Amino acid sequence: MNQTAKLFIIPVFTSFILASSGCAELKQIKEQFKQPQALTQSDIAAGLKEALRVGSETVVKNLGKKDGFNKDNFAHIALPHKLDKIRNKLKKIGYSQPLDELELKINRAAEQATPKAKQLFVKAIKQLTWQDVKQIYNGPN
């Protein structure tokens, strides 16, 4: 996977992980943070890592298939604004097909790249430090 694809897919993938099924696990972890005397840092880190692992598997399952990106309202990759404006004008005269196909191909590429990106996430999840775990926990919802 080239660097440009990685730079694009990774943030989308991360957002989707945190917005999808991993949320239930993250809520459990947040509840556990309210009782820190009952859990060690290692327990909390392991719980977050497991939530991220489960979430990444769900994301790959949902996005890494035909129309996974293309028909997903959250993950769909739209054309850049300038190209979209041109497409809308071309659509009025029946010539938007090349730009429609370009947008579809972009989303198909992301669908194919998603399973490959999972390997990067699994490796990164395994390498999370306690500081990383705290940043994720204290980050935005």
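In this report, the structure presented in the accompanying data block is examined. (Residues numbered from 1 in each chain as written. Predicted model: local features only at pLDDT ≥ 70, side-chain atom pairs only at ≥ 80, totals over all residues. Heavy atoms only, no water.)

**Considerations on the pattern of salt bridges**
For the coordinates displayed, the defined rule picks out 8 salt bridges. Among the salt bridges present, the one from Arg53 reaches Glu57, with a minimum N-O distance of 2.5 Å. Here Arg53 pairs with Glu57, and both are found in helix α3 (residues 41–63), just 4 residues apart, close to one helical turn. Arg53 sits in the partly exposed class, given a relative accessible area of 30%. On the basis of relative accessible area, Glu57 is assigned to the partly exposed category, the value being 35%. Between Asp67 and Lys71 there is a salt bridge whose closest N-O contact spans 3.8 Å. Salt bridges sharing common partners tie together Asp67, Lys71, Arg108 and Glu111. (Salt bridge = Lys/Arg side-chain N within 4 Å of Asp/Glu carboxyl O. Helix = DSSP H or I, 4+ residues; strand = E, 2+ residues; numbered from the N terminus. Buried < 20%, exposed > 50% of the residue type's maximum accessible area, 1.4 Å probe, protein only.)

**So, the environment of Leu63**
Along the chain, Leu63 falls in helix α3. Overall, Leu63 belongs to the buried group, its relative accessible area being 0%. Put simply, Leu63 and Ala75 are 12 residues apart on the chain and 8.1 Å apart in space, counted from C-alpha to C-alpha.

**Brief notes about unusual backbone geometry**
The backbone phi angle of Asp67 is positive, close to 70°, even though this residue is not glycine. Along the chain, Asp67 falls in the loop between α3 and α4 (81–92).

**With respect to the nonpolar core**
Where a protein is soluble and globular, its nonpolar side chains tend to be buried together. The biggest cluster of nonpolar side chains holds 7 residues, and these are Ile44, Ala45, Leu48, Leu52, Ile125, Leu128 and Val133. Ranked by residue count, the leading element in this core is α3, at 4 residues. Grouped together as the second largest cluster of nonpolar side chains are 6 residues, Val59, Leu63, Ile77 and Ala110 included. (Core = buried A, V, L, I, M, F, W, Y, C linked by side-chain atoms within 4.5 Å.)

**Describing the side chain of Glu103**
If you trace the backbone, Glu103 turns up in helix α5 (residues 97–126). You can call Glu103 buried: its relative accessible area is 12%. Among residues more than four places away in sequence, those in contact with Glu103 are His76, Ile77, Ala78, Leu79 and Arg87. (Contact = heavy atoms within 4.5 Å.)

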